[in-house]
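# Structural description and commentary
Below, each chain spelled out in residue letters.
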Amino acid sequence: MENKYKIIPLTGDQAAAEAMRQINPDIVAAYPITPQTEIVMTFAQFVADGIVDTEMIQVESEHSAMSTTLGACAAGVRAMTATSSQGLALMWEVLYIASGYRLPIVMPVVNRALSGPINIHCDHSDTMGARDSGWLHIYCENAQEVYEMTIAAIKIAEHPEILLPVMVCQDGFITSHATEGVKIFDDADIKKLIGEYKPKYPLLDIKNPVSYGPLDLQDYYFEHKRQQSEAVKIAKEKIPGILSEFNKFFGKDYGYIETYRLEDAEIAIIAMSSTCGTARSVIDELHKNNIKAGMLKIRFFRPFPAEEIVNACRNLRAIAVLDRAESFSNQGGPLFAEVRAALYNNVSIPVVNYIYGLGGRDIYTEDIKSIFSEVKEIASTGKVKNLVNYQGVRE
Amino acid sequence: MATIKELSQIPERLSGGHRLCAGCGASIAVRQVLLGTKDPVIIGGQTGCLEVGTTIYPYTAWKTPWIHNAFENAAATMSGVETAYRALLKKGKIKEDIKFVIFGGDGGTYDIGLQALSGMVERGHNILYVCYDNQAYMNTSVQRSGSTPFGASTTTAPAGKVLQGKSQFRKELTEIMVAHHIPYAAQATIYYWKDLVNKATKAFQTKGPTFINVLSPCHRGWRYEQENTLDISKLAVETGFWPLYEVENGVWRWTYKPKEKKPITEFLKTQGRFKHLFSDKNKQLLEEIQKLVDNRLDYLEKLCSVTATEQKPE
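Residues numbered from 1 in each chain as written. Chains lettered and ligands numbered in written order. Predicted model: local features only at pLDDT ≥ 70, side-chain atom pairs only at ≥ 80, totals over all residues.

Right, let's get into the overall build of chain B. Summing up its helical and strand segments, chain B has 12 helices and 8 strands in all. For 314 residues, the compact-globule estimate of 2.2 N^0.38 gives 20 Å, and chain B sits close to it at 19 Å. Referenced to the eigenvectors of the C-alpha coordinate spread, the extents of chain B come out at roughly 70 × 55 × 40 Å. The buried share of chain B, reckoned over its 314 residues, is 49%. Sequence-distant contacts, at least 24 apart, represent 69% of the contacts inside chain B between residues at least 6 apart. (Helix = DSSP H or I, 4+ residues; strand = E, 2+ residues; numbered from the N terminus. Rg over C-alpha atoms; globule rule 2.2 N^0.38 Å. Buried ≥ 20, exposed ≤ 12 C-beta atoms within 10 Å, placed from the backbone. Contact = placed C-beta atoms within 7 Å.)

Here it is as structure tokens:
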């Protein structure tokens, strides 16, 4: 039987706020930044109307937003924040502390280019900059996915064997400000689904005092970092089980990756977030012309689904990885580097990189078609002309 | 004011055996402030001597919940802790009356943490912020801070052949906090322990954000023998270098004023950081410092008399 739901027209930002309303966290500490603003504004209205029980803290910066959220989470409550771009960059120092203290904070991030020069539109340079911060990363294709993954992220973060913070990313403006019909499930069902947060060592437990954040030198720091790596490893094992519960409820098939017409494909692109939507229609068109094209969408960037990627790509003849961020290594974007590393020693398939869409530059179906035609050529000749390409830029 | 006997019954929250220096003003300040309440206390710290000296994993000297996040964000971190407490109180999930206090050094308070502190008090969190002011970045080897006084030699503003230590004046942080119109702000120092315990008691009892700036001499940075910490704290008050006052709902009041003000040189000459000021060529600097102290005291006098005659704001 399908669970109760209503379809409501919502933007990606509103979908994140709607998920937060149903999560009803004890604390939200946030600072406004375009294009995340609509999340905090929508949520602030929920608080003003008494729809949620949340104490909302209007902090004076994102550095304080993350610090305050960290303090609240350590105190022993469910605490959330949300940000974009420069805001995430300002949080950067505290991101590492949140994951190092093993605090299960869930944070919607609306992807936006980093300055300079200043730009308010979408690319992934902000969250890719936080790639190694010990947070789990989920990238969403549309508002529905934002809503469902924000809710699921709570259970992933708070799993007693995981205890890691999670950022749930969506594309600035493209997803955050576009209205879609979003299936919103019943409040009570969601409440039951996520349950209550049971902290292990709450700071507010005055009978069992704990010290958070002691000095940790050569004799212990390394072991603590090693435990963190282990937590990400455990997360990799546990997430499918956690997602299956949500999949049953939402009627979805969420996993680390998602494939589109990849089963019998000869060539494929690997991409994340809203671009995957555009790619689907291109692939359908190519199939009409008997071109066996497919797509692999990366939903979880952390933990990185290396095995899943290798298995899904095994039978391909050529692959293009699409990166909406530059890493300035002359070796391609961050997604490319990791995908290529995962494939190395496992399969021998030519892989090329396309860096696209920086600062919100649109990616059209024509761009994706052109990428596919180059990949097709690589598949037939076996020759890679340019390892790293820039799609849609004036050279 | 509680009697010494009563105070002695308040359990120590900072245990002995921590690794702060013998003669450290900061640990004395912490213990005196914590005598200001019998209620359970949750403490926020920031990166610095106090954090490093009291918590080296797997040890902690804190017998009460304690949290350190980073250098500049103790006020933001504790804003989250205190709000979480209020949220749980409202939901009936917690019953105890808990007090919240932050101990930050001058680097983390005057400089890098000023924004978070300003945000915390503007939002009205029920937290006492104590600055243990030792007038430089002592944890990283005595670098100049916004609290370092004019003429003091530090490792980043040293006295040399051309320059005579710090060439700027220190900022008046307590006044900055008063400008936030918080219900209680005060200045204190550890020699006058009754004065400090009284102020802490008042601050803990006040609803809303409160602030106490505690001059906490550091023998490593100020360069004097470790047994002189309390004498130097006393001289700071007797010379007018560190006036003891409080500001309650906008009304300024001296809490202790020495009958006779000693010349500022009595304070300066006890410390190596001011040694260079006593060379012949720097005579005019000493005069300038004396003038600064006198002007400052006159100004405080005016504030006290003007606000005392006015009605206390409701």
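Let's pick the thread back up.
A few words on the sheet that holds strand S7 (residues 244-248) of chain B. The 9 strands lie next to each other as S9(A)-S2(B)-S1(B)-S3(B)-S4(B)-S6(B)-S5(B)-S7(B)-S8(B), forming an open sheet whose pairing is mixed. The strands lining the two open edges of the sheet, one partner per strand, are strand S9 (211-212) of chain A together with strand S8 (251-256) of chain B. Relative to strand S6 (residues 210-215) of chain B, strand S5 (residues 184-189) of chain B runs parallel, the two being bridged by 6 bridges. Counterpart to Thr189(B) in the pairing with S6(B) is Leu215(B). (Pairing = 2+ DSSP bridges.)

Next up on the list: the nonpolar core. In terms of nonpolar packing, the biggest core is built from 206 residues, with Val166(A), Val168(A), Ala268(A), Val81(B) and Val130(B) touching the most fellow members. In this view, Val168(A) contacts Val106(A), Pro108(A), Val109(A), Ile138(A), Cys140(A), Val146(A), Met149(A), Thr150(A) and Ala153(A); residues no more than four positions away in its chain are not counted. (Core = buried A, V, L, I, M, F, W, Y, C linked by C-beta atoms within 7 Å.)

What follows covers the domain arrangement of chain A. Reports of interface size often rely on the accessible area that becomes lost once the parts have come together. All names here are of chain A. Taken domain by domain, chain A holds domain 1 (5-196 + 217-250) and domain 2 (257-391). On the side of domain 2, 19 residues touch domain 1, which itself brings 26 residues to the contact. For the side of domain 1 that touches domain 2, the secondary-structure elements that each account for two or more residues are helix H5 (125-129), strand S6 (136-139), strand S7 (166-171) and helix H8 (221-250). Partitioning the side of domain 1 that touches domain 2 into residue classes produces 13 nonpolar, 8 polar and 5 charged. (Domains from an automatic or database assignment. Nonpolar A, V, L, I, M, F, W, Y, C, P; charged D, E, K, R; others polar.)

This part covers the interface of chain A and chain B. Residue-level contacts link 38 residues of chain A with 39 residues of chain B. Ranked by residue count, the leading element in the side of chain A that touches chain B is helix H3 (residues 62-75) of chain A, at 10 residues. Counted by class, the side of chain A that touches chain B contains 22 nonpolar, 11 polar and 5 charged residues.

All names here are of chain A. The strand order across the open sheet formed by 6 strands is S10-S12-S11-S14-S15-S16, and the pairing between neighbours is mixed. Both outer strands of the open sheet, strand S10 (257-260) and strand S16 (388-391), are each paired with one neighbouring strand and no more. Between one strand axis and the next, the sheet turns by 25° as a mean value, whatever way the strands run. Two elements, strand S11 (residues 267-271) and strand S14 (residues 318-323), share 4 bridges in a ladder whose sense is parallel. Bridge assignment links Ile 267 to a residue of S14, and that residue is Ala 318. (Axes fitted to C-alpha atoms, helices over the stretch in contact; angles between N-to-C directions.)

Let us look at unusual backbone geometry. Note on backbone geometry: most residues besides glycine have negative phi, and most peptide bonds are trans. A cis amide bond, omega 0°, links Gly116(A) with the succeeding residue Pro117(A). At the junction of Tyr57(B) and Pro58(B), the peptide bond is cis and its omega measures out at 10° in the coordinates. One non-glycine residue, Asn24(A), lies in positive phi territory at about 50°. For Leu163(A), which is not a glycine, the phi torsion comes out positive at approximately 45°. Note that Leu163(A) resides in the loop between helix H6 (143-158) and S7.

Moving on, we come to the pairing of strand S5 (residues 106-111) of chain A. All names here are of chain A. The buried fraction of S5 amounts to 6 of the 6 residues, a majority that puts the element mostly inside the structure. Side-chain alternation along S5 places Val 106, Pro 108 and Val 110 on one buried face and Met 107, Val 109 and Asn 111 on a second face that is also buried. The sheet contact formed by S5 and S7 spans 6 bridges and is parallel. Bridge pairing in S7 places Pro 108 opposite Val 168.

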